[in-house]
Amino acid sequence: MIRKIHTRSILLSCAAIVAWVAPITADARDLLANFAYLGCNRVGYSAQTPSEPSTANVAQMQQTFKDIAALPVKPDYFFFAGDLVLGMSADKGVTLSNELTAWKALYDKSNFAASGIELLPLPGNHEADASEEVSPGEYIEYPDADNLSVWVDWLKTNNFAKASNGPSGNKELQRDLLAEDNNQTQTYSFDDVKTGVHYVLLNTDSLSTVVNPLLPEKTVASWAPLHWVEADFKKASANPAIKRIVVLAHKPLVLSNPGPHDIVYNTAPYTLGDSLLELFGDTPKFSGYFAAHSHQWLYTDKIGPKQNVTQVLAGNGGSQLNGGWDPKGGPYFGFTVVNIYDDNTVGVVSHARPAPTPYNTSAPQPAAKAMPEIFFPVVGQGNIKGK
């Protein structure tokens, strides 16, 4: 499936740890695949109301569904990269189950399914974890077995998982230090045979057996099954029908001044974040790491040992935005479209609508507008400057 897209060269500078984006010029390029994604739409604890049991920022979510359904080029998929709901409760999964049920009712009411765009949700820490207050105002998060079971059941009930080939069996569980054999749809991958793209959906709050040093009766947050990803990448890399490999997850690999739960676990001897960056940088077909968690939009390129990995964060789906995020024109909510091209480039388009006050207003929201497309090369192509 090839779609013609006309583009123009772009030169942008990005905030924080972002370097200059290499300019890529082309009069026209063929689109191999594309998808929409976002993360983090749930409201905060102080904004919970009995009248909205889903804990979603409803006005933002409803407008995003409309905007994605109306895109001029229909995305192959819409990935929701975690924190659909507030969750984070240690109550045998009751709170999470109720919130996810209410969220699905909102989704059904939106009629987004009629667009024909397949929705594929991933777990965020608010779906996978619970937390415990260890001192006034200080909370430690940890993966919660009951919440993860609720998530798995919810995916199955609503046919929201594309595959079920995630880590399973004693050997794989022991290799990745996973605690329970229910990871098959928490983390999984699939091939889109029409486009030649291999998608990996990664749970970055998997339940491991690694003791949490801050909460000894619990396990560490931000765990990911590194060795399963390595084996999955090896298989996809050897498949000549696969041209690109994309990873979607909730938590970033890198972030300026991260908190204790804000990036993929990277504490010796389990340096999962560094190992994933090395793997991605050594994989010629790798075409980007797309995550959320931090409530902002952030493009970061030239990371990893070879400085050839690109990470995009679209955590501006509707949750209260980071106070320190001050983009030109003001903070904004929205979603992101990722375009995968035939010239070994990837284009990223943030679709933005101004953040209202209050952020969770129930008033109808305007349609998001596309911002300039940013291009980066597939890992195996180096720093492409033109077609």
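Bear in mind that the values here come from a model prediction, so they are computed numbers and not experimental data.

What counts and what doesn't
- Residues numbered from 1 in each chain as written.
- Predicted model: local features only at pLDDT ≥ 70, side-chain atom pairs only at ≥ 80, totals over all residues.
- Heavy atoms only, no water.
- 1 Å grid on protein atoms, 1.4 Å probe; cavity = no way out; pocket = protein on both sides within 12 Å on 5 of 7 lines; lining within 4 Å.
- Points joined across faces, edges and corners; volume = space filled by probe spheres on them.
- Helix = DSSP H or I, 4+ residues; strand = E, 2+ residues; numbered from the N terminus.
- Nonpolar A, V, L, I, M, F, W, Y, C, P; charged D, E, K, R; others polar.
- Axes fitted to C-alpha atoms, helices over the stretch in contact; angles between N-to-C directions.
- Parallel < 35°, antiparallel > 145°, perpendicular 65-115°, else oblique.
- Contact = heavy atoms within 4.5 Å.
- Pairing = 2+ DSSP bridges.
- Phe/Tyr/Trp six-rings, centres within 6.5 Å; stacked < 30°, edge-to-face > 60°.
- Buried < 20%, exposed > 50% of the residue type's maximum accessible area, 1.4 Å probe, protein only.

## A few points about the layout of surface pockets
Link 1 in the chain: Counted as a void, the second largest pocket has a volume near 400 Å³.
Link 2 in the chain: As for the second largest pocket, its lining consists of 17 residues, and the residues nearest its centre are Arg 42, His 126, Glu 141, His 293 and His 295.
Link 3 in the chain: Put simply, the parts of the chain that give the lining of the second largest pocket at least two residues each are α3 (125-128) and β6 (138-143).
Link 4 in the chain: Partitioned by chemical class, the residues of the lining of the second largest pocket number four nonpolar, nine polar and four charged.

## Re empty space enclosed by the protein
Link 1 in the chain: Applying the stated criterion across every chain, the model contains one cavity of 30 Å³ or more.
Link 2 in the chain: Each pocket or cavity is described by its volume, and for the largest cavity that value is around 40 Å³.
Link 3 in the chain: Taken together, Leu 38, Asn 41, Gln 60, Met 61, Thr 64, Phe 65, Phe 78, Phe 80 and Gly 317 make up the full set of residues lining the largest cavity.
Link 4 in the chain: Of all elements in the fold, only α1 (58-69) and β3 (77-81) reach the threshold of two or more residues within the lining of the largest cavity.
Link 5 in the chain: Examining the composition of the lining of the largest cavity, we find that four residues originate from one element, α1, more than from any other.
Link 6 in the chain: Class assignment for the residues of the lining of the largest cavity results in five nonpolar, four polar and no charged.

## So, the packing of helix α6 (residues 226-238) against helix α7 (residues 272-281)
Link 1 in the chain: Direction vectors running N to C along α6 and α7 enclose 5°, while the axes themselves pass 10 Å from each other. Between α6 and α7, the angle falls in the class roughly parallel. Each of Leu 226, Val 229, Glu 230 and Phe 233 in α6 lies in contact with α7, whose residues at this interface are Leu 272, Ser 275, Leu 276, Leu 279 and Phe 280.

## Things to note about the sheet that holds strand β11 (residues 244-249)
Link 1 in the chain: Within the open sheet, the six strands sit side by side as β7-β8-β11-β14-β16-β15. Their pairing is mixed. Each having just a single partner strand, β7 (188-192) and β15 (297-303) make up the two edges of the open sheet. Averaged over all adjacent pairs, the angle separating strand axes in this sheet is 15°, with direction ignored.
Link 2 in the chain: Pairing geometry for β15 and strand β16 (residues 309-314), over five bridges, is antiparallel. Looking at β16, one finds that Trp 297 is bridged to Ala 314.
Link 3 in the chain: Of the strands in this sheet, β7, β8 (197-202), β11 and β14 (286-291) touch α6, which is tilted by about 175° from β8.

## Let's talk about the packing of aromatic side chains
Think of a pair of aromatic rings as described by two things: how far the centres are apart, and how the planes are tilted against each other in angle.
Link 1 in the chain: This model, assessed by the stated rule, comprises 32 aromatic pairs.
Link 2 in the chain: Their ring planes at 25° and their centres at 5.1 Å tell us that Phe 190 and Tyr 199 sit as a pair that is stacked. Note on accessibility: Phe 190 and Tyr 199 belong to one class, buried.
Link 3 in the chain: When the centroid spacing of 5.7 Å and the interplanar angle of 50° are considered together, the rings of Trp 223 and Tyr 265 count as tilted. Placement of the pair is Trp 223 in the loop between β10 (215-219) and α6 and Tyr 265 in the loop between β11 and β12 (266-267), with a sequence separation of 42 residues.

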